[in-house]
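What follows is each chain in one-letter form.
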Amino acid sequence: MRRSIAAALTALAGLVVLVDLAIANPALGGLAAWLNRLLVLLAAGAGVAGALMLVVRHVGRLARREDQLGSVAVLMGLGLVLLPGLAPGSTGADGPAVRWVVAALLAPLVAAVLALLFPLLLVAASRGLRIRARETAVMLAAAAAVLIMLLPIGGQAGAWLASAAAWVRDVPIAAVFRGLLIGVAATGALTAARILLGSDASHD
Amino acid sequence: MTESPDEGGRREPPEPSEGPESPVRDETPGSADAQPWRRRTRLAPGVRAGIPILALLILLGIASLVPGIGFAADVSVEAAGRDLEAAIGRLQTGAPVLVDIDGDLGTYPEIRYATRAALADLMLRGANVAVVSFSGEGRAIAVAEIARLRHLGVGPDRVADLGFRSGGEPALVQLASEGIGPNTSGSFADAVRKDGLASFRLALVIGGAEIGPRSWVEQVQPRVPALPIAAITPSFLLPEVLPYRSSGQLVALVGTLPAGLAYGQQVAARGAEFGPGRFAERLPSGAAIVFGMLVAIAVLLASSGGSLAGWARAAWRRGRS
């Protein structure tokens, strides 16, 4: 019984959104918009639950005296972002203090971490060579070949490299990428059809 | 230092601190297998962690000293810039434009010049811009870009901040079906609130994060077919978005650094004719980029070339015997 109710609700919600795309009807549009708002709320709920779990986990680690420095950093970071937005008189995510924290703290920190991607990738490559030498070497050679083709140099050699890079991007990479996208879309459509028809195994 | 014949003479400097990942070795005292590498890699963990940072700083220092070079721009590169220039050039003075800034901080430097050129182009053409983001990193970039425009003297009547919208694609669908919502104030926001997204004349999507041009084509175009969509993306997204440009679902696509530079220079060339918001952004250092690419190529070839050459030699010997 529980299974059939969940399956029916899922199928109904899916059908409403699907039919709303095909038919212009204000009532149906309103219902689809309401369902979509529920989805947005669900995503927000998942975010809040994730943050709470993070707090619980790191408070627990502090209590057990495990990696205290890391846990304090995580909790302080959470507090720095949350407090300006939740403080009395704040306008929330668009408040000046939150904007300052995002622009002056979050963005430079994330950018700094990503700036280390280049040396860290090289370290990862050397580790890969130790663990799976043959496969990693082939992958690194392919990466080097792509980088050579992308070198923005002028003259005849530059034109030849640019046309080779365009061919690689437009033929083999595009073929693999489109194959992946079509595969993902077909799997998504199949899963959606199974849910709508009530034959999805996840309800068992 | 060891060489294993089956791996073509590949050098294996093991790291004792790696635990279960490290290959098993004979570490008995006096063992020829263990002693040399153990002496060589005995560095404090803090020092080892600082090596990548130091290497990056040295590379950046050298790159800043390399003299400037120009990027090669072929016909397709200039055409990409002209497409975006034409899409923005078709706008009338005061036309509302929706800009979705959802780049990610790792790849944004590649498209920052083109993004700033496009924002300046919109200002120069007299367009009114509403900025929205669906990712945290995109919001961080948007906040910085809005602050930069404000610093240049662009008022809130020209640039409305629609803020961050959580929820990913459902939030994008919500924006497409219900419009900008009641939270944003100002005369520009009031003007575009009435008719939803259909009141905008162009959507410019700055991609890189989860929500990008593909999401816009898939979720917004079926709901608001009259809204033309242009995109600026890092080059890694090109295989994903090029088909949409070929089919005309994207009216313009700037997806490589040379294309962004060509477009920016087109905007800069026109900049002198306009007042506030003139585009005078410093060009990214082409020499530094080429230098970094050459270092990466050298490291990749040095690390993989020995192994590949060793296997090729071993295979050739096996074939002869």
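Residues numbered from 1 in each chain as written. Chains lettered and ligands numbered in written order. Predicted model: local features only at pLDDT ≥ 70, side-chain atom pairs only at ≥ 80, totals over all residues. Heavy atoms only, no water.

Draft legend 1. Highlighting helix H6 (residues 169-178) of chain B. A large share of H6 of chain B lies buried, amounting to 7 of its 10 residues. Of all the positions in H6 of chain B, only Pro 170, Ala 171, Leu 172, Val 173, Gln 174, Leu 175 and Ala 176 of chain B are classed as buried. (Buried < 20%, exposed > 50% of the residue type's maximum accessible area, 1.4 Å probe, protein only. Helix = DSSP H or I, 4+ residues; strand = E, 2+ residues; numbered from the N terminus.)

Draft legend 2. Structural view of the layout of surface pockets. Roughly 1,200 Å³ of volume is contained in the second largest pocket. Residue lining of the second largest pocket: 34 residues in total, with Val 17 and Leu 21 of chain A together with Val 173, Gln 219 and Arg 223 of chain B positioned closest to the centre. Those elements that place two or more of their residues in the lining of the second largest pocket are helix H1 (2-22), helix H2 (26-63) and helix H7 (155-196) of chain A together with H6 and helix H8 (213-220) of chain B. When the residues that make up the lining of the second largest pocket are grouped by side-chain class, the tally is 22 nonpolar, 7 polar and 5 charged. Looking at which domains feed residues into the lining of the second largest pocket, each of domain 1 (2-117) and domain 2 (151-196) of chain A gives three or more. (1 Å grid on protein atoms, 1.4 Å probe; cavity = no way out; pocket = protein on both sides within 12 Å on 5 of 7 lines; lining within 4 Å. Points joined across faces, edges and corners; volume = space filled by probe spheres on them. Nonpolar A, V, L, I, M, F, W, Y, C, P; charged D, E, K, R; others polar. Domains from an automatic or database assignment.)

Draft legend 3. Structural context of the confidence of the model for chain B. Of all residues in chain B, 78% have pLDDT values of 70 or greater, and the mean over the chain is 78. The low-confidence segment residues 1-34 of chain B, where pLDDT is below 50, has 57 contacts with residues more than four positions distant or belonging to other chains. (pLDDT = per-residue confidence, 0-100. Contact = heavy atoms within 4.5 Å.)

Draft legend 4. Inspection of the pattern of salt bridges at higher detail. Taken as a whole and judged by the stated rule, the model has 13 salt bridges over all chains. For Arg 116 of chain B, the salt bridge is made with Glu 145 of chain B, and the minimal N-O distance between the two is 3.0 Å. Of this pair, Arg 116 of chain B sits in helix H4 (residues 108-124) while Glu 145 of chain B sits in helix H5 (residues 136-151), placing them 29 residues apart in sequence. Residue class for Glu 145 of chain B comes out buried when judged on its relative accessible area of 2%. Between Glu 145 of chain B and Arg 148 of chain B there is a salt bridge, with the nearest N and O atoms lying 2.9 Å from each other. Placement of the pair is Glu 145 of chain B and Arg 148 of chain B together in helix H5, with a separation of 3 residues, close to one helical turn. Taken as a pair, Glu 145 of chain B and Arg 148 of chain B share a single burial class, namely buried. Salt bridges sharing partners connect three or more residues here, namely Arg 99 of chain A together with Arg 139 and Asp 161 of chain B. (Salt bridge = Lys/Arg side-chain N within 4 Å of Asp/Glu carboxyl O.)

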